[in-house]
Amino acid sequence: GGKSLSVRTGVQLTDSEAAGGQGSTTTLAINYPNEPLALSAWFSRVDDKFDPALGFVSRTGVTNMHLQALFNIYSKTGWVRLWQPFVESDHTGDLGLAMLDSNVWTGFYAESKTGDFTNIWVARHSETYDYAFPIRPGIVIPVGTYWWNDVQVEAGTSRSRRVDTYIRWRHGGYLTGHADSYNWNIGFRPTGRLQFNLNTGLRDYRLAEGSFKVRTGSVRASYTFSPDFQVSLLGQYDNLSRSLGANFRIKWIMQPGNELFLVVNQGYDTSEDRFRPTTNETSLKGAW
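One structure accompanies this document, and this report is about it. (Residues numbered from 1 in each chain as written. Predicted model: local features only at pLDDT ≥ 70, side-chain atom pairs only at ≥ 80, totals over all residues. Heavy atoms only, no water.)

Examining the nonpolar core
Inference 1: Of all hydrophobic cores here, the largest spans 11 residues; its members are Tyr129, Ile139, Ile141, Tyr146, Trp148, Leu175, Ala179, Tyr205, Leu207, Phe212 and Val214.
Inference 2: Of all the elements in the fold, those that place two or more residues in this core are strand E10 (139–141), strand E11 (144–156), strand E14 (194–207) and strand E15 (210–226).
Inference 3: Sequence-distant contacts of Tyr129, defined by excluding residues within four places in its chain, comprise Val143, Gly144, Tyr146 and Leu175.
Inference 4: Within the second largest apolar cluster, six residues are counted, among which are Ala38, Leu70, Trp105 and Ala123. (Core = buried A, V, L, I, M, F, W, Y, C linked by side-chain atoms within 4.5 Å. Buried < 20%, exposed > 50% of the residue type's maximum accessible area, 1.4 Å probe, protein only. Helix = DSSP H or I, 4+ residues; strand = E, 2+ residues; numbered from the N terminus. Contact = heavy atoms within 4.5 Å.)

Digging into the pattern of salt bridges
Inference 1: Inspection of every chain in the model, using the stated rule, returns eight salt bridges.
Inference 2: With its nearest N and O atoms 2.9 Å apart, the salt bridge here joins Asp269 to Arg276.
Inference 3: Looking at Asp269, the relative accessible area reads 15%, which means it is buried.
Inference 4: Owing to a relative accessible area of 35%, Arg276 belongs among the partly exposed residues under this scheme. (Salt bridge = Lys/Arg side-chain N within 4 Å of Asp/Glu carboxyl O.)

Thoughts on the environment of Ser4
Inference 1: You can see Ser4 is positioned in the segment before strand E1 (6–16).
Inference 2: Distance in space between the C-alpha atoms of Ser4 and Pro85 is 21 Å, their sequence separation being 81 residues.
Inference 3: In this view, Ser4 contacts Asn31, Tyr32, Pro33 and Asn34; residues no more than four positions away in its chain are not counted.

Description of the pairing of strand E19 (residues 276–287)
Each regular strand displays side chains that alternate between the two surfaces of the sheet.
Inference 1: Pairing of strand E18 (residues 258–269) with E19, which is carried by 11 bridges, proceeds in the antiparallel orientation. Note on E19: the bridge partner recorded for Tyr268 is Pro277.
Inference 2: In textbook terms, the turn of a hairpin is the stretch between consecutive antiparallel strands, and for E18 and E19 this stretch comprises six residues, one of which, Asp273, has a positive phi near 60°. (Pairing = 2+ DSSP bridges.)

Some words on unusual backbone geometry
Inference 1: With an omega dihedral of -5°, the bond running from Glu35 to Pro36 counts as a cis peptide bond.
Inference 2: Along the polypeptide, Pro36 turns up in the loop between strand E2 (21–33) and strand E3 (37–46).
Inference 3: In this structure, Arg242 takes a positive phi of about 50° despite not being glycine.
Inference 4: Turning to its location among the elements, Arg242 is positioned in the loop between strand E16 (229–238) and strand E17 (243–255).

Re the packing of aromatic side chains
Inference 1: Evaluation of the coordinates by the stated rule reveals 12 aromatic pairs.
Inference 2: Considering the side-chain rings of Tyr129 and Phe133, the 4.9 Å spacing of their centres and the 40° angle between planes classify their relative orientation as tilted.
Inference 3: Phe133 gets classed as partly exposed once you look at its relative accessible area, which sits at 24%.
Inference 4: Considering the side-chain rings of Tyr129 and Tyr146, the 6.3 Å spacing of their centres and the 50° angle between planes classify their relative orientation as tilted. Here Tyr129 is found in strand E8 (residues 117–129), whereas its partner Tyr146 is found in strand E11, with 17 residues between them in sequence. (Phe/Tyr/Trp six-rings, centres within 6.5 Å; stacked < 30°, edge-to-face > 60°.)

Some details on the environment of Ser75
Inference 1: Note that Ser75 resides in the loop between strand E5 (73–74) and strand E6 (80–94).
Inference 2: By relative accessible area, which is 24% here, Ser75 ends up partly exposed.
Inference 3: Ignoring sequence-local partners within four residues, the contact set of Ser75 consists of Val80, Arg81 and Lys113.
Inference 4: In terms of polar contacts, Ser75 uses its side chain to reach the backbone carbonyl oxygen of Thr77, at 2.5 Å. (Polar contact = N/O pair within 3.5 Å; in protein donor to acceptor, adjacent residues only side chain to side chain.)

Some words on the pairing of strand E12 (residues 163–174)
Inference 1: One ladder, built from seven bridges, connects E11 with E12; its direction is antiparallel. Bridging across to E12, Asp150 finds its partner in Gly172.
Inference 2: Remark: six residues form the turn of the hairpin made by E11 and E12, two consecutive strands paired antiparallel.

Digging into the environment of Glu259
Inference 1: Mapping Glu259 onto the fold places it in strand E18.
Inference 2: Taking C-alpha positions, Glu259 is 26 Å from Val219, a pair spaced 40 residues apart along the chain.

Some remarks on the side chain of Gln152
Inference 1: Among the secondary structure elements, Gln152 is positioned in strand E11.
Inference 2: You can call Gln152 buried: its relative accessible area is 4%.
Inference 3: In this structure the side chain of Gln152 is engaged in a polar contact, spanning 2.8 Å, whose partner is the side chain of Arg170.
Inference 4: Not counting residues up to four positions away in its chain, the partners in contact with Gln152 are Asn119, Ile120, Trp121, Arg168, Trp169 and Arg170.

Written out as structure tokens, the structure is:
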């Protein structure tokens, strides 16, 4: 009937002495990407002995489920081109399907004809910890399952503008207390080849075990000589480690499929109010 539906499934098997024998993972993805209603679902089960020696798995002995529903409402008049209410959820359980972590978001996304946008949602979260852990020195999160609610508001202007900006604010609970998060980003493109980007962030945690703030900042500059040759420089800082990191990169595509990268990473310790070099890494990578 003019609609599209796809179903994808897969099974991987491993046999590893290091993991203690045979393991497996099974995935199932269902996608219904239509207008105005779009639905998607993703399921997986990862055995506790699954060990992909040439791959990567973030967590074993778990089941995962991700669900999403979008409803697109288009307008030919007015400032807003698209309204998109949505519901999204993400759940992690053990192999017996007992819930470990969960997230449920409900909100809407809106976009103007020029590409400016806003995204607002409210959410319910839970996380389970089998072991106590220090989230900061002297601030230890006890064993247990924690539930909290929060709300996020973000808005930004189109990147097609010479100057674009983006702001985000999140407020609500977090683990044993409350948290606020603020982010601000501004981009500047004086020419089609030269780009600058400034990003700052503040996360304010107020937990039953103690309070702390995380401040981050980064500056990026890039110059594109041609679609095949680009130079970029990135600097970033955070107040907890009081370390400054710098990254310089040259990317050269000699021809499609043949690429060359030169990357220089430099770290500095600023804890004594001076720049003390701590790390240096220089790498040259070629792909043919």
